[in-house]
Amino acid sequence: ALRTHTDNITLRLTSDSGGFDKTVFTTILAGKTRSLAVLNGRRTVISSADRVLITALTHLFEGIGPLVGAATSEQDALNCLTANDVQLLVCTDLLESGSGPTLVAAAKAQHPLLRCLMLIQRPLLSTIDAAIASGCEGLCSRERLGDGGVLSVLQAMDSDGIHMDPTITGVCQHSRRRPSR
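Residues numbered from 1 in each chain as written. Predicted model: local features only at pLDDT ≥ 70, side-chain atom pairs only at ≥ 80, totals over all residues. Heavy atoms only, no water.

J.: So what exactly am I meant to see when it comes to the overall build of the protein here?
T.: Helix and strand counts for the protein stand at eight helices and eight strands. The contacts of the protein with a sequence gap of at least 6 include a subset with a gap of at least 24, amounting to 68%. Accessible surface for the protein amounts to roughly 8,700 Å². Of this, 52% is attributable to carbon and sulfur atoms. (Helix = DSSP H or I, 4+ residues; strand = E, 2+ residues; numbered from the N terminus. Contact = heavy atoms within 4.5 Å. Areas by Shrake-Rupley, 256 points an atom, 1.4 Å probe, with all protein chains shown as cover.)

The structure is reproduced here in structure tokens:
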């Protein structure tokens, strides 16, 4: 269930964790104070199939910058973006319906100045290529979520270009190597 408010978010969760490591929740909260400068004042929408991840990110944004929506599907996220003046979209590649790359492409078509960070849950080259093609400014592996990876990518996104964490960069470099014959 999804309900958005102007400056806060109400989200009902099920007991299904969607495979998210609950220990990361605590680590995300520990990094909250370091996130203040990067997130302060940015109206944000979060979208993921992982409800525990949404909860953790909701707590990260609490009291920092307005989190105006959270959704588990592409269409619900697009509705949140349309209803609010949003500057940042944080999504995962996996959604309950739709996908992160198609969400970002549609969101960028409607809101060209929107900044997008995608948390990659399936670090495959095809997923990364789709995220880049969709227009994401930041890519971060979900496994780096609790060690400051998201914050680092968000900080780098304030400059121009596309920024990838070392895990994503490593997948790209490894996957593009050609075997010698």
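After that view, the rundown keeps rolling.
J.: So what exactly am I meant to see when it comes to the pattern of salt bridges here?
T.: Between side chains of opposite charge, a pair can form when the charged atoms approach closely. If you walk through the whole model with that rule in mind, you get four salt bridges. Between R51 and E96 there is a salt bridge, with the nearest N and O atoms lying 3.0 Å from each other. With R51 in helix α3 (residues 51-61) and E96 in the loop between β5 (88-92) and α5 (100-110), this residue pair connects regions lying 45 residues apart in the sequence. Among the salt bridges present, the one from E137 reaches K108, with a minimum N-O distance of 2.3 Å. Of this pair, E137 sits in the loop between α6 (125-134) and β7 (138-141) while K108 sits in helix α5, and the two are 29 residues apart along the sequence. (Salt bridge = Lys/Arg side-chain N within 4 Å of Asp/Glu carboxyl O.)

J.: Please clarify how the nonpolar core should be interpreted in this entry.
T.: Residues L81, L89, M118 and L139 are the most contacted members of the largest nonpolar core, which totals 25 residues. Sorting the residues of this core by element identifies β4 (67-71), α4 (74-83), β5, α5, β6 (115-120), α6 and α8 (166-175) as the ones contributing at least two each. For this core, the element with the most residues is α4, which contributes four residues. Those residues within four positions of L81 in sequence are excluded, and the remaining contacts are V45, V86, L89, A107, H111 and L114. Within the second largest apolar cluster, 18 residues are counted, among which are L57, L145, V153 and M157. (Core = buried A, V, L, I, M, F, W, Y, C linked by side-chain atoms within 4.5 Å. Buried < 20%, exposed > 50% of the residue type's maximum accessible area, 1.4 Å probe, protein only.)

J.: I tried to follow the packing of α5 against α6 on my own but got confused; where do I start?
T.: Helix-helix packing: each pair is described by the crossing angle between the helix axes and the interaxial distance. The interhelical angle for the contact between α5 and α6, taken along N-to-C directions, is 5°, at an axis separation of 8 Å. Overall, the two elements α5 and α6 adopt an arrangement that is roughly parallel. Seen from α5, the contacting residues are P101, V104, A105 and K108; seen from α6, they are A130, A131 and S134. For the contact of α5 with α6, the per-class residue count stands at five nonpolar, one polar and one charged. (Axes fitted to C-alpha atoms, helices over the stretch in contact; angles between N-to-C directions. Parallel < 35°, antiparallel > 145°, perpendicular 65-115°, else oblique. Nonpolar A, V, L, I, M, F, W, Y, C, P; charged D, E, K, R; others polar.)

J.: What should I look at first to understand the environment of C136 in this one?
T.: With respect to the helices and strands, the residue C136 is situated in the loop between α6 and β7. The exposure class assigned to C136 is buried, which follows from its relative accessible area of 1%. Considering only alpha carbons, one finds C136 and G161, 25 residues apart in sequence, at a separation of 9.4 Å. Ignoring sequence-local partners within four residues, the contact set of C136 consists of V104, C116, M118, A131 and I162.

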